[in-house]
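# Coordinate analysis (summary)
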Amino acid sequence: MEDYSLITKVTNIMVAVAALGGAVIAALGLRTWRHELHGRADFELARRVIRGVYELRNQIQQMRNIFSPEMLDTQYERLNNKASELDAALLEARVLWGDILQGQKESLKECLVKYRLALHSHIRSQKEKMELTDEQYEEMRPILYGGSDDNDQFGKTVDQTVREFEDALR
């Protein structure tokens, strides 16, 4: 009878140890799974942000290289759509990560504002049949039109901002 009681006690202890071991393994697995989900979500958000940055940069480049009055409305609408999509991704990034991309966002916003102001001035001068002064034209031209790579200061500024996003998201 004592042998049976001892076997029962040993069995109960083994079951308890096995259950405890299973619980520990389950908890570790759950923690790993949670980290993986957060990592995957962070990666997807970073991918959306950098993709939005690239698409906005490409749209600006396209508008600067193919400045066609006939296509201007369509191109401007695309530019605004790309900027809106990027803003949504950057808002989500700010909620999850804080202000780590705020400086890059401001730099890109400055480029976009500078481009839009030059574009609006150009369009207004065309609609109102106003002649731009040489000074006004020389101020707008390097922003509206892509120049040679060496002389394109506005393009270099946009590219530098894109690199800053890339570095921050790594």
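Now for a description of the structure that goes with this document. (Residues numbered from 1 in each chain as written. Predicted model: local features only at pLDDT ≥ 70, side-chain atom pairs only at ≥ 80, totals over all residues. Heavy atoms only, no water.)

### Focus: the overall build of the protein
Along its length, the protein carries five helices and zero strands. Scanning the protein from its N terminus toward the C terminus, one meets helices and strands in the order α-α-α-α-α. Across the 170 residues that make up the protein, the buried fraction comes to 26%. Within the protein, contacts between residues separated by at least 24 positions form 74% of all contacts whose residues are at least 6 apart in sequence. Surface summary for the protein: the accessible area is close to 11900 Å², and the carbon and sulfur share equals 56%. (Helix = DSSP H or I, 4+ residues; strand = E, 2+ residues; numbered from the N terminus. Buried < 20%, exposed > 50% of the residue type's maximum accessible area, 1.4 Å probe, protein only. Contact = heavy atoms within 4.5 Å. Areas by Shrake-Rupley, 256 points an atom, 1.4 Å probe, with all protein chains shown as cover.)

### Considerations on helix α3 (residues 102-127)
Its 26 residues place the ends of α3 36 Å apart at the C-alpha level, agreeing with the 38 Å of an ideal helix rising 1.5 Å per residue. Along α3, the residues that are buried comprise Gln102, Gln104, Leu108, Cys111, Leu112, Tyr115, Ala118, Leu119, His122 and Ser125. Just beyond α3, the residue with positive phi is Lys129, at close to 50°. (Expected span 1.5 Å × (residues − 1).)

### Things to note about the packing of α3 against helix α4 (residues 134-144)
One can describe the packing of α3 onto α4 by two numbers: an axis separation of 9 Å at closest approach and a directional angle of 125°. Of the possible angle classes, the one that applies to α3 and α4 is oblique. When you trace α3 past α4, the crossing you get is left-handed. Listed contacts from α4 to Lys114, Tyr115, Ala118, Leu119, Ser121 and His122 of α3 are Met140, Ile143 and Leu144. Taken together, the residues that form the contact of α3 with α4 break down as six nonpolar, two polar and one charged. (Axes fitted to C-alpha atoms, helices over the stretch in contact; angles between N-to-C directions. Parallel < 35°, antiparallel > 145°, perpendicular 65-115°, else oblique. Left-handed = near helix turned anticlockwise from the far one by under 90°. Nonpolar A, V, L, I, M, F, W, Y, C, P; charged D, E, K, R; others polar.)

### Observations regarding empty space enclosed by the protein
Per the counting criterion, the structure on display carries one cavity of 30 Å³ or more. One number sums up the size of the largest cavity: a volume of about 60 Å³. In terms of lining residues, the largest cavity is bounded by Leu90, Ala93, Arg94, Gly98, Asp99, Ile100, Leu101, Gln102 and Lys105. Broken down by secondary-structure element, the contributors of at least two residues to the lining of the largest cavity are α2 (72-97) and α3. (1 Å grid on protein atoms, 1.4 Å probe; cavity = no way out; pocket = protein on both sides within 12 Å on 5 of 7 lines; lining within 4 Å. Points joined across faces, edges and corners; volume = space filled by probe spheres on them.)

### Quick word on α4
Here α4 has its buried residues at Met140, Ile143 and Leu144. Along α4, the residues classed as buried sweep out an arc of 85° about the axis, all on the same side. Seen from the buried face of α4, the exposed residues on the opposite side, beyond 90 degrees, are Asp134 and Glu135. (Arc of directions from axis to C-beta.)

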